[in-house]
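In case you want the letters, here they are:
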Amino acid sequence: MILISHRGNLLGKNEKLENNPDYIIEAEKNGFDVEIDIWFKNGQFYLGHDKPQYKVNKKFLENSKFWCHAKNKSALYELSIINCHYFWHETDDYTITSLGYIWIYPNKPILKNGICVLPEKFENRDINNKCKGICSDYILNYKYL
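Now for a description of the structure that goes with this document.

Quick look at the overall build of the chain now. From N to C terminus, the chain includes three helices and ten strands. Listing the helices and strands of the chain from first to last along the sequence gives β-α-β-β-β-α-β-α-β-β-β-β-β. What you see for the chain is a C-alpha radius of gyration of 14 Å, in line with the 15 Å of a compact globule of 145 residues. Dimensions of the chain along its principal axes, counting C-alpha atoms only, are 45 × 25 × 25 Å. Taking all 145 residues of the chain together, 49% fall into the buried category. Partitioning the intrachain contacts of the chain with sequence separation of at least 6 by distance along the chain shows that 40% fall at a separation of at least 24. As displayed, the chain offers around 7900 Å² of accessible surface, 46% of which is attributable to carbon and sulfur atoms. For the chain, the distance from the average position of its 19 positive side-chain charges to the average position of its 18 negative side-chain charges is 2 Å.

Shown next as structure tokens:
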């Protein structure tokens, strides 16, 4: 099963550190893939959930462990022309990543090739052997499933 840290979180939301490059690298060093929020503005890539916060370069994003969530249309285009794994979604029930995974909006029915997002938010969310991966703020809790 693919285990993806949501914005670098391992044991719960930390809005002060989410999408910080050092926080993301720490999650990767702990053996997890990481979903990161990407903006493109004034010819530069940035990390940040609600706005561009941390400037990063193309090489940083070309990490096979990163799942780059485009937050504006410029980011979507720019991610599509570099060597990274990316996707776009807002409130879609499902979207397809550039590597063919189905990104499943929280609390939508699980699909076999899907990435179940934030399963911890929903009671009785049985995910064992029902999805390809999990993206969670509490990803350490899923390490030994």
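Rolled over the atoms, a probe as big as a water molecule pinpoints where empty space is left. What the largest pocket holds in volume is close to 300 Å³. Lining the largest pocket we find 17 residues, and of these Arg7, His49, His69, His89 and Glu90 sit closest to its centre. Looking at the lining of the largest pocket, the elements with two or more residues in it are strand 2 (33-41) and strand 5 (66-70). Tallied by class, the residues present in the lining of the largest pocket amount to eight nonpolar, four polar and five charged. Looking at the second largest pocket, its volume works out to about 170 Å³. Surrounding the second largest pocket, Arg7, Lys13, Glu15, Lys16, Glu18, Asn19, His49, Asp50, Lys51, Gln53 and Tyr54 form its lining.

About the thresholds
Residues numbered from 1 in each chain as written. Predicted model: local features only at pLDDT ≥ 70, side-chain atom pairs only at ≥ 80, totals over all residues. Heavy atoms only, no water. Helix = DSSP H or I, 4+ residues; strand = E, 2+ residues; numbered from the N terminus. Rg over C-alpha atoms; globule rule 2.2 N^0.38 Å. Buried < 20%, exposed > 50% of the residue type's maximum accessible area, 1.4 Å probe, protein only. Contact = heavy atoms within 4.5 Å. Areas by Shrake-Rupley, 256 points an atom, 1.4 Å probe, with all protein chains shown as cover. Lys, Arg positive; Asp, Glu negative; His and termini not counted. Charge placed at Lys NZ, Arg CZ, Asp CG, Glu CD. 1 Å grid on protein atoms, 1.4 Å probe; cavity = no way out; pocket = protein on both sides within 12 Å on 5 of 7 lines; lining within 4 Å. Points joined across faces, edges and corners; volume = space filled by probe spheres on them. Nonpolar A, V, L, I, M, F, W, Y, C, P; charged D, E, K, R; others polar.

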